[in-house]
Amino acid sequence: RGKGMELNTSGIDRCGGSLPTLDYFQRFHELGGKIVTVGSDAHAPGPIGRGIKEAYQIMQDCGFRYVANYHERKPDMVKLK
């Protein structure tokens, strides 16, 4: 249906894993999900982008090849390296 999921990196520091957890992203991919985004839930400059490398690795491990950046409410798919 064109819906996506966000991998929030704030849990990497706080609880040792992404939010939601890896199993949700694995299942989302198994069900045909394609749109995933990354957010750090930063409320101050320091944590902006924290955990992004780990997030991209989690996405690749789940089988995703692209991450979505949104512009004007439309996903712009960027290839993961």
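Residues numbered from 1 in each chain as written. Predicted model: local features only at pLDDT ≥ 70, side-chain atom pairs only at ≥ 80, totals over all residues. Heavy atoms only, no water.

Tallied over the entire structure, the rule returns 1 salt bridge. The closest approach of N and O atoms between glutamate 30 and arginine 27, which form a salt bridge, is 3.1 Å. Remark: arginine 27 and glutamate 30 occur in helix α2 (residues 22–30); sequence separation between them is 3 residues, near one turn of the helix. On the accessibility criterion, glutamate 30 (56% relative accessible area) is exposed. (Salt bridge = Lys/Arg side-chain N within 4 Å of Asp/Glu carboxyl O. Helix = DSSP H or I, 4+ residues; strand = E, 2+ residues; numbered from the N terminus. Buried < 20%, exposed > 50% of the residue type's maximum accessible area, 1.4 Å probe, protein only.)

The space that makes up the largest pocket amounts to roughly 150 Å³. Lining the largest pocket are Thr9, Ser10, Asp13, Arg14, Ser40, Asp41, Ala42, His43, Pro47 and Arg50. Among the residues forming the lining of the largest pocket, the class breakdown is 2 nonpolar, 4 polar and 4 charged. (1 Å grid on protein atoms, 1.4 Å probe; cavity = no way out; pocket = protein on both sides within 12 Å on 5 of 7 lines; lining within 4 Å. Points joined across faces, edges and corners; volume = space filled by probe spheres on them. Nonpolar A, V, L, I, M, F, W, Y, C, P; charged D, E, K, R; others polar.)

Once that is clear, we can look at helix α3 (residues 52–61). Within the sequence span of α3, burial applies to Ala55, Ile58, Met59 and Gln60. On its buried face, α3 sits against β1 (4–8), α2, β2 (35–39) and β3 (66–71). Just past α3, the residue glycine 63 takes up positive phi, approximately 105°. (Contact = heavy atoms within 4.5 Å.)

A few words on unusual backbone geometry. The backbone phi angle of glutamate 72 is positive, close to 50°, even though this residue is not glycine. Mapped onto the secondary structure, glutamate 72 falls in the loop between β3 and β4 (74–79). On the basis of relative accessible area, glutamate 72 is assigned to the exposed category, the value being 78%. The residue arginine 73 is not glycine, and still its phi comes out positive at about 65°. Structurally, the position occupied by arginine 73 is in the loop between β3 and β4.

Take the environment of valine 67 next. For valine 67, the location among the structural elements is in strand β3. Overall, the relative accessible area of 4% leaves valine 67 in the buried class. Residues valine 67 and valine 36, 31 residues apart in the sequence, show an inter-C-alpha distance of 5.4 Å. Aside from chain neighbours lying at most four places away, what touches valine 67 is Val36, Thr37, Val38, Tyr56, Met59, Asp76, Met77, Val78 and Leu80.

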